Amino acid sequence: MKKYIIASLMALLAAGMGTAGAQTQTEHKGLLWSSLHGLDYEFKAGVNIGGTSPMPLPKEIRSLDSYRPGLAISLEGNATKWLDERKKWGIALGIRLDTKSMNTEATVKNYGMEIFNDAGGRTAGLWTGGVKTKVKMSLLSIPLLAKYQINNRWQVSAGPYFSYLMDGDFNGNVYEGHLRTPDATGNSVNFSGESIASYDFSNELRSFQWGLQVGGTWKAYKHLNVHADLTWGLSDIFQDDFNTISFAMYPIYLNLGFGYDF
């Protein structure tokens, strides 16, 4: 009986090794086919550092008093189709899960604002004083990039990206100042000391965004890359009919991380 059990286990092990070997051969054949057809695949992971800001800074923002980036991670898979045998020029298409986050404090004057009042409603007007803002967006992005390989170590890329907002927050509070409603000559509501009022424009965020991306990649080892990519939003993060904030705001982030070539 023991001999039978041992023989059965050895047979199962041999079958498993044979299956694993067949799978490995299949994977190698797939990678070889991709290589012969000028296709490369990469998985990337990194962090986004930057912020969401009007460009240039409007006169309403008198000073930026503090800035703190939030935890913003990105994960991406992409495929590159090389257009020549030397792999100098190529086109890359990817799909990326992005988080973009920041916390700021600023001093403003006549800044469009809509705050929650004591009765649970909203009061809109022009705010002068301090503003704390928290921005966090989770996005599904598709970059479409042209690539140029300078040498065996360095390559650069540039092109548009398109994003869908899966979840977003744009909120904060105002402090040490006054709100004039409905305009700069209207009645004033003052806040001082520990008195604050909150606001939330999360529901006004635009679902679809787009912008430009430029970057560079350095091959550290055979399969391991180090990359830096700058994404610059060209669409206002707010919907077209949102006019409480009178200027457009754009997400501008630098992504730093690593990639693995298959």
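Coordinates for the structure precede this section.
Residues numbered from 1 in each chain as written. Predicted model: local features only at pLDDT ≥ 70, side-chain atom pairs only at ≥ 80, totals over all residues. Heavy atoms only, no water.

1. Considering the overall build of the chain
Here is step 1: On a plain count of helices and strands, the chain comes out with one helix and ten strands.
Here is step 2: Relative to its 262 residues, the chain shows a buried fraction of 39%.
Here is step 3: Taking the contacts inside the chain whose residues are at least 6 apart along the sequence as the reference set, 72% of them involve residues at least 24 apart.
Here is step 4: Roughly 15200 Å² of accessible area belongs to the chain as shown, and the carbon and sulfur atoms make up 62% of that amount. (Helix = DSSP H or I, 4+ residues; strand = E, 2+ residues; numbered from the N terminus. Buried < 20%, exposed > 50% of the residue type's maximum accessible area, 1.4 Å probe, protein only. Contact = heavy atoms within 4.5 Å. Areas by Shrake-Rupley, 256 points an atom, 1.4 Å probe, with all protein chains shown as cover.)

2. Quick word on the nonpolar core
Here is step 1: Within the largest apolar cluster, 27 residues are counted, with the highest numbers of intra-cluster contacts made by Met 113, Trp 127, Phe 170, Val 174, Phe 201, Phe 238 and Ile 245.
Here is step 2: Sorting the residues of this core by element identifies β4 (89-116), β5 (122-149), β6 (154-181) and β7 (187-200) as the ones contributing at least two each.
Here is step 3: Broken down by element, this core gets its largest block of residues, six residues, from β4.
Here is step 4: Apart from residues lying up to four places away in sequence, Phe 238 is in contact with Phe 170, Phe 201, Glu 204, Leu 205, Arg 206, Ile 245 and Met 249. (Core = buried A, V, L, I, M, F, W, Y, C linked by side-chain atoms within 4.5 Å.)

3. Section: the environment of Pro 54
Here is step 1: By secondary structure assignment, the location of Pro 54 is in the loop between β1 (39-53) and β2 (61-69).
Here is step 2: Separated by 196 residues in sequence, Pro 54 and Tyr 250 have C-alpha atoms that sit 6.0 Å apart.
Here is step 3: Beyond its immediate stretch of four places on either side in the chain, Pro 54 contacts Ile 61, Phe 247, Ala 248 and Met 249.

4. Some remarks on the pattern of salt bridges
Here is step 1: Taken as a whole and judged by the stated rule, the model has seven salt bridges.
Here is step 2: The residue Glu 76 makes a salt bridge to Arg 96 at a minimum N-O spacing of 3.2 Å. Here Glu 76, found in strand β3 (residues 73-82), pairs with Arg 96, found in strand β4; they are 20 residues apart in sequence, far enough to count as distant.
Here is step 3: By relative accessible area, which is 5% here, Arg 96 ends up buried.
Here is step 4: Linked by salt bridges that have partners in common, Glu 76, Arg 96 and Asp 98 make up one network. (Salt bridge = Lys/Arg side-chain N within 4 Å of Asp/Glu carboxyl O.)

5. Some thoughts on unusual backbone geometry
Here is step 1: For the bond running from Met 55 to Pro 56, omega is -10°, close enough to zero to count as cis.
Here is step 2: With respect to the helices and strands, the residue Pro 56 is situated in the loop between β1 and β2.
Here is step 3: Within the chain, Lys 87 stands out as a residue other than glycine whose phi angle is a positive 55°.
Here is step 4: Within the secondary structure layout, Lys 87 lies in the loop between β3 and β4.
Here is step 5: Among the residues examined, Lys 87 registers a relative accessible area of 23% and is labelled partly exposed.
Here is step 6: Look at Asn 110: it is not a glycine, yet its phi comes out positive at around 55°.
Here is step 7: Mapping Asn 110 onto the fold places it in strand β4.

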